[in-house]
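Working through the structure, step by step
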Amino acid sequence: MENGFADIVILMTLAVALVATFRRIRLPAILAYLVVGIIVGPSVTALFTNADDMHLLAEIGIVFLLFSLGLEFSLPRLLAMRNLVFGVGLGQVLLTSACFSAIAFIYSAELPAAIIIGGMLALSSTAIVIKQITELGIINQQRSQLAISILLFQDIAVVPLLIAVPLMGSDSDANLSVALGLALVKGVVVVALLLSIGKWLLPWLFREVARTRTDELFVLTTILVVLLAAGLTYVFGLSMALGAFLAGMMLGESQYKYQLEADIRPFRDILMGLFFITVGMQLDLSVMLDHLSLVIGGVTGIMIIKVIMVRAAAWLARCESQQAWSAGIKLCQIGEFSFVIAALAARHNVITQEQSSVLVSMGIISMAVTPFLVSRSWYFASKIAPARQLNQVADTPCVASQPQAGHVVIAGFGRVGQSVARMLKMEGLEFVVVDVDPIRVHESRSAGEPVIFGDASHKDILQSAGVATAKLLLISFDRPDVAAGVINAARQLQPELQVMVRTKRDYELEGLYAAGASQVVPELQEGSLMLISQVLHYSGVPMSRILKRVTQERKGRYDHLHGFYPGETTEISYGTEDKLEFIHAISLPGHAACLGKSISQLTVLQKRVSIRGLRRDGREVSDPDATTRLQAGDVLIIAGKPRRVERAERYLLEGT
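All values reported here derive from a predicted model rather than from experimental measurement.

Considerations on the overall build of the protein
In terms of regular secondary structure, the protein is built from 28 helices and 10 strands. Relative to its full complement of 656 residues, the protein shows a buried share of 53%. Taking the intrachain contacts of the protein between residues at least 6 apart in sequence as the baseline, contacts between residues at least 24 apart amount to 74%. Looking at the protein as shown, the accessible area adds up to about 28,900 Å², and 60% of this sits on carbon and sulfur atoms.

Laid out in structure tokens, this is it:
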């Protein structure tokens, strides 16, 4: 007991120290967890000799990750992506499996072993790719959606591989086709069951839980639903991650999706860290060193071939070239489920233990370089694809084109920050926003807002936003302690910068002025108008125009101060769900029901929500004409009550 407790303390100490160190030198935390796993694994200190001891907890991390991903995909949206999931995804798995199986067979592998190796190498890492694109704020971009579609099909493809391995390793005459057919029937039954439960039972359940106004009960219910969904698919012989994804997808249509994401995030991130530690534990350094040239050459060859196979599958589905190359670069590593298949194949003597260790070594090395490749995937894709396609938005967490000087930097993109941004846009003034809420960043960036994901108290984030050459820094969130850190970081970049701070409580004024604020403004509706007027004044707008704008807002009952992009921290309770007004960006895929219709024909949409704008080919149309016909790739920006926004999105995508 004492030794076990000490081992856990050592493990956590190493994790904290290495994650902090890697973050300081701007390397992803995933690499830190992998290094921790190598250090505590059997190859170095042997602190933990068996990674299977923590396998269940680590797998629950993947379950929570897929649940969070499911929240981003409503059923209409997934159906609209079916050509990607079952077109590009299927093509990638078949082409890649066939290619690697042929290579393995040529190099003297038995046919069963070659088939399993091919299927194993066709898989990519759902955990790493989704975590990276989420942190980078690019999950809603087309190339990321393409990568996610392929990953979803790969998770489905794991099931027949897990069934086939024991049958190939046994001497019995078990019929493989019968076993796979039975698995297919089970899959259809469990998916239909989960979809039915999710559509009718889960919204009612969370509505009743929300009425209790008990945070603990909401969190417990969320965890229970995730684990029950994962357990149901596991009992039927399917992936636990698939069940969690379906549960999240069903709840992604509810008004509680943002609260669910916030509640699950701490558990997900901690357990995902544990998962990557267990991956690092599986690296056998002696095997890797004995076959170093094979491992390095194999990793290089595998990654190049997988990129080409993704591009080939995307070409068959007629996907755009640069998007396909970018998705392929994201998915060129070996996946975490490949480790499970490798261990199972070795246990049933389909492949040798040495082959399994070499494949695991290749997988860990490919995973280690994945964060770098994901963050640079668009850059590499732009070098491969023709130059004429370079007008797309880059695959980075920052704004594609930022003002060079004289702009306004807004720290925090809550309701007040968004209200200020709208006024600046109406005056034609440039601004850049910094916000730490990933969901809000996804929503606002999809609508074309110049938002950078990051903590505004970090000097490098402010530098990326151009604080050194900005005219004004506005701190719009009400956290005086954090605001003081932002002011200090900004002053280091530009000592004479005008810094304006919004706060709710007037007793914070002196402390903020002492921290270096140029102007501190209190809140409420009139406070918001005062803040906007001063931002416009510091930005050079004549006072007469400011007074006219404020008067118009008062007469219009503060129309431009209503509606906001919801984020992770947006509180939606039973008492407020019908009082809030959301702004939501809807990307229209190629199979959306509304394509070809003019805005004037969308009668259901016009009655229930208002249209705030339209983005087409990277350009914003703030007041689209009623005769404008919607096209694939358009981003329609709508506003309304949460339930009305959800119904409107379903109408646009499904037509019902």
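Focus on the packing of aromatic side chains
Tallied over the entire structure, the rule returns 3 aromatic pairs. An aromatic cluster of three or more residues is present, and its members are Phe372, Tyr379 and Phe380. Note that arginine 143 overlies the ring of tryptophan 378, its terminal NZ or CZ placed 3.7 Å from the centroid.

Looking at the packing of helix H5 (residues 82-106) against helix H15 (residues 292-316)
To characterise two packed helices, one gives the angle between the axes of the helices and the distance between these axes. Where H5 contacts H15, the two axes come as close as 8 Å, and the packing angle between them is 140°. In terms of orientation, H5 and H15 fall into the oblique class. Considering how the two elements wind past one another, H5 and H15 form a crossing that is right-handed. Residue-level contacts link Val88, Gly91, Gln92, Leu95, Thr96, Cys99, Phe100 and Ile103 of H5 to Ile302, Ile305, Lys306, Met309, Val310, Ala312, Ala313, Ala314 and Leu316 of H15.

So, the pairing of strand S8 (residues 610-616)
Two elements, S8 and strand S10 (residues 635-640), share 5 bridges in a ladder whose sense is antiparallel. Note on S10: the bridge partner recorded for serine 610 is alanine 639. Across 3 bridges, S8 lies against strand S9 (residues 619-621) in antiparallel orientation. Its bridge partner lying in S9, arginine 616 is registered against arginine 619.

Overview of helix H6 (residues 111-122)
With 12 residues, H6 extends 17 Å between its outermost C-alpha atoms, agreeing within 8% with the 16 Å of an ideal straight helix rising 1.5 Å per residue. Most of H6 sits out of view: 9 of its 12 residues are buried.

Considerations on a nonpolar patch on the surface
A contiguous nonpolar patch, built from Leu193, Ile197, Leu201 and Trp204 and spanning about 350 Å² of accessible area, is present on the exposed surface. Considering the arrangement of structural elements, one finds isoleucine 197 in helix H9 (residues 176-200). Residue classification places isoleucine 197 among the partly exposed residues on the basis of a relative accessible area of 31%.

Let's talk about the environment of leucine 292
Within the secondary structure, leucine 292 is located in helix H15. Since its relative accessible area comes to 36%, leucine 292 is described here as partly exposed. Residues leucine 292 and valine 358, 66 residues apart in the sequence, show an inter-C-alpha distance of 9.2 Å.

Description of the pattern of salt bridges
Per the counting criterion, the structure on display carries 6 salt bridges. Residue aspartate 634 is joined to arginine 616 by a salt bridge in which the shortest nitrogen-to-oxygen separation is 2.7 Å. Here arginine 616 lies in strand S8 and aspartate 634 lies in the loop between S9 and S10, a separation of 18 residues in the sequence. Each member of the pair, aspartate 634 together with arginine 616, is buried. Each member of the salt-bridge network shares a partner with another, and the members are Lys425, Glu449 and Glu620.

A short note on helix H17 (residues 336-347)
Taking 1.5 Å per residue as the helical rise, H17 with its 12 residues ought to reach 16 Å, and the 17 Å between its terminal C-alpha atoms agrees with that figure. Most of H17 is tucked away: 9 of the 12 residues are buried. Those residues of H17 that fall on the buried side of the exposure criterion are Glu336, Phe337, Ser338, Phe339, Ile341, Ala342, Leu344, Ala345 and Ala346.

A look at the packing of H5 against H6
At a minimum axis distance of 7 Å, the contact between H5 and H6 shows a crossing angle of 135°. By the angle class used here, H5 and H6 are oblique. In this structure, H5 meets H6 at a crossing whose hand is right-handed. Across the interface between the two elements, Gln92, Val93, Thr96, Ser97, Phe100, Ser101, Ala104 and Phe105 of H5 pack against Leu111, Ala114, Ile115, Ile117, Gly118, Gly119, Leu121 and Ala122 of H6. Taken together, the residues that form the contact of H5 with H6 break down as 10 nonpolar, 6 polar and no charged.

Observations regarding the sheet that holds strand S7 (residues 582-587)
The 4 strands lie next to each other as S7-S10-S8-S9, forming an open sheet whose pairing is antiparallel. Looking along the sheet, the strands with just one partner apiece sit at the ends: S7 and S9. Pairwise comparison of adjacent strand axes, ignoring direction, gives a mean angle of 20° for this sheet. The strands touched by helix H28 (residues 642-654) are S7 and S10; relative to S7, the strand with the most contacts, the crossing angle is about 15°.

Structural notes on the nonpolar core
The biggest cluster of nonpolar side chains holds 128 residues, and the ones touching the most others in it are Phe67, Val88, Leu251, Phe276, Ile351 and Met362. The element best represented in this core is helix H8 (residues 142-169), accounting for 11 residues. If sequence neighbours within four positions are ignored, isoleucine 351 has contacts with Ala113, Ile117, Met120, Ala342, Ala345, Ala346, Ser356 and Leu359.

Examining the pairing of strand S1 (residues 408-411)
A two-sided burial pattern is seen for S1, the buried positions comprising Val408 and Ile410 on one face and Val409 and Ala411 on the other. Relative to strand S2 (residues 431-435), S1 is paired through 4 bridges, and the arrangement is parallel. The partner of alanine 411 across the bridge, within S2, is valine 434. Taken together, S1, helix H20 (residues 415-426) and S2 constitute a β-α-β crossover, and its handedness is right-handed. Alignment of S1 against strand S4 (residues 472-475), held across 4 bridges, turns out to be parallel. Bridging from a neighbouring strand, valine 409 pairs with leucine 473 of S4.

With respect to the confidence of the model for the protein
Scored by pLDDT, the protein has a mean of 79; 83% of the residues are at 70 or more. Low pLDDT, under 50, characterises residues 387-401; the predicted model gives this stretch 39 contacts beyond four residues in sequence or across chains.

Basis of the calculations
- Residues numbered from 1 in each chain as written.
- Predicted model: local features only at pLDDT ≥ 70, side-chain atom pairs only at ≥ 80, totals over all residues.
- Heavy atoms only, no water.
- Helix = DSSP H or I, 4+ residues; strand = E, 2+ residues; numbered from the N terminus.
- Buried < 20%, exposed > 50% of the residue type's maximum accessible area, 1.4 Å probe, protein only.
- Contact = heavy atoms within 4.5 Å.
- Areas by Shrake-Rupley, 256 points an atom, 1.4 Å probe, with all protein chains shown as cover.
- Phe/Tyr/Trp six-rings, centres within 6.5 Å; stacked < 30°, edge-to-face > 60°.
- Lys NZ or Arg CZ within 6 Å of the ring centre and 35° of its normal.
- Axes fitted to C-alpha atoms, helices over the stretch in contact; angles between N-to-C directions.
- Parallel < 35°, antiparallel > 145°, perpendicular 65-115°, else oblique.
- Left-handed = near helix turned anticlockwise from the far one by under 90°.
- Pairing = 2+ DSSP bridges.
- Expected span 1.5 Å × (residues − 1).
- Patch = residues over 30% accessible without salt bridge, like charges linked within 9 Å, V, L, I, M, F, W, Y side chains within 5 Å.
- Salt bridge = Lys/Arg side-chain N within 4 Å of Asp/Glu carboxyl O.
- Nonpolar A, V, L, I, M, F, W, Y, C, P; charged D, E, K, R; others polar.
- Core = buried A, V, L, I, M, F, W, Y, C linked by side-chain atoms within 4.5 Å.
- Right-handed = clockwise from strand over helix to strand, strands pointing away.
- pLDDT = per-residue confidence, 0-100.

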